[in-house]
Amino acid sequence: MWTSTILMLAAGLLTILAGAKIFTNGIEWLGKKLNLSEGAVGSILAAVGTALPETMVPLIAILFAPTGTATEVGIGAILGAPFMLSTLAFGVVGVSKMVFCRGSGCIDVKRSIVMRDLKYFICFYSLAAAAAFIPYMMVKIPIAAVLVAGYGYYVIKTLGDGDTLSELDIPPLYLWKKGGEAPLPIIIIQVAI
């Protein structure tokens, strides 16, 4: 019984790994095709694409579940997912750097982009967490407007920062083996897969 469970878990993990590899390759090509910076591709395109599953849980809980604890589950998922993912990601990257990277150049960190993203995250995450404890809707609505406007400003700022992917050499698109630059519809199909 437990053998089939372990095999299903291993198959699921391999599926996630393959999907992440296909998605990352497609997002890099989409960023190159749209002439976006590295920071924009990682902080906006990849972040939005990878956050969609976590986004669907609170949306379904808040909009479609019966009233009661569904709202609390939705709010908990909204506040808990970014915190858990950011702390887990920092840990995995740090341990990977220590274990697999001897010397310099293994992980190319753009300090200015990382610091900018952390500042925005800490500021807006703190504001969102504080709003969860405010019982008055008349206060929550302006906070929500500030969060949406802040994200819009962040996107605009991020789109203008860094070197574009068109200047970098990225691996060929997996769905385009003909050589040369892949057409946009093929890139979008790979991202969707």
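Residues numbered from 1 in each chain as written. Predicted model: local features only at pLDDT ≥ 70, side-chain atom pairs only at ≥ 80, totals over all residues. Heavy atoms only, no water.

Visitor: Before we move on, could you go through the confidence of the model for the protein and cite the residues and values that matter?
Guide: With 91% of its residues at a pLDDT of 70 or more, the protein has an overall mean of 81. Model confidence for the protein, summarised as mean pLDDT per element, is weakest for helix α3 (residues 69–100) at 76 and strongest for helix α6 (residues 184–192) at 91. (pLDDT = per-residue confidence, 0-100. Helix = DSSP H or I, 4+ residues; strand = E, 2+ residues; numbered from the N terminus.)

Visitor: Before we move on, can you summarise α6 with the specific residues and values?
Guide: Within the sequence span of α6, burial applies to Ile187, Gln190 and Val191. When α6 is viewed along its axis, its buried side chains cluster within an angular range of 100° and face the same direction. More than 90 degrees from the buried face of α6, the exposed residues found are Pro185 and Ala192. In the core, the buried residues of α6 are packed alongside α1 (2–33). (Buried < 20%, exposed > 50% of the residue type's maximum accessible area, 1.4 Å probe, protein only. Arc of directions from axis to C-beta. Contact = heavy atoms within 4.5 Å.)

Visitor: So what about the nonpolar core? Which residues, and what values?
Guide: One recurring pattern in soluble globular proteins: nonpolar side chains tend to sit buried together. The biggest cluster of nonpolar side chains holds 17 residues, and the ones touching the most others in it are Ile27, Trp29, Leu173, Ala182 and Ile187. Considering each element in turn, this core owes the most residues, 4 residues, to α1. Residues in contact with Ile27, not counting those within four places in the same chain, are Val41, Leu45, Ala46 and Val191. (Core = buried A, V, L, I, M, F, W, Y, C linked by side-chain atoms within 4.5 Å.)

Visitor: How would you explain unusual backbone geometry if you had to name every residue and give the values?
Guide: Even without being a glycine, Asn35 presents a positive backbone phi close to 60°. Mapped onto the elements, Asn35 comes out in the loop between α1 and α2 (38–64). The class for Asn35 is partly exposed, based on a relative accessible area of 47%.

Visitor: Hey, could you go over the side chain of Thr158 for me, with residue numbers and the actual values?
Guide: Following the sequence through the fold, Thr158 ends up in helix α5 (residues 137–159). Classification of Thr158 by relative accessible area gives buried; the value is 0%. Contact partners of Thr158, with chain neighbours within four places excluded, come to Ser37, Gly39, Ala40, Ser43, Ile44 and Arg116.

Visitor: Which residues make up a nonpolar patch on the surface, and what values do they have?
Guide: Residues Met56, Leu59, Ile60, Leu63 and Phe64 make up a contiguous nonpolar surface patch of roughly 540 Å² in combined accessible area. Locating Met56 in the fold gives a position in helix α2. (Patch = residues over 30% accessible without salt bridge, like charges linked within 9 Å, V, L, I, M, F, W, Y side chains within 5 Å. Areas by Shrake-Rupley, 256 points an atom, 1.4 Å probe, with all protein chains shown as cover. Salt bridge = Lys/Arg side-chain N within 4 Å of Asp/Glu carboxyl O.)

Visitor: Just give me the short version of the pattern of salt bridges, but keep the residues and values in it.
Guide: The full count for this structure, using the stated rule, is 2 salt bridges. A salt bridge links Glu181 to Lys33, with the nearest nitrogen and oxygen atoms 3.3 Å apart. One end of the pair, Glu181, is in the loop between α5 and α6; the other, Lys33, is in helix α1, and 148 residues separate them in sequence. Classification of Lys33 by relative accessible area gives partly exposed; the value is 31%. Among the ionic pairs, Arg116 bridges to Asp117, the shortest N-O distance being 3.0 Å.

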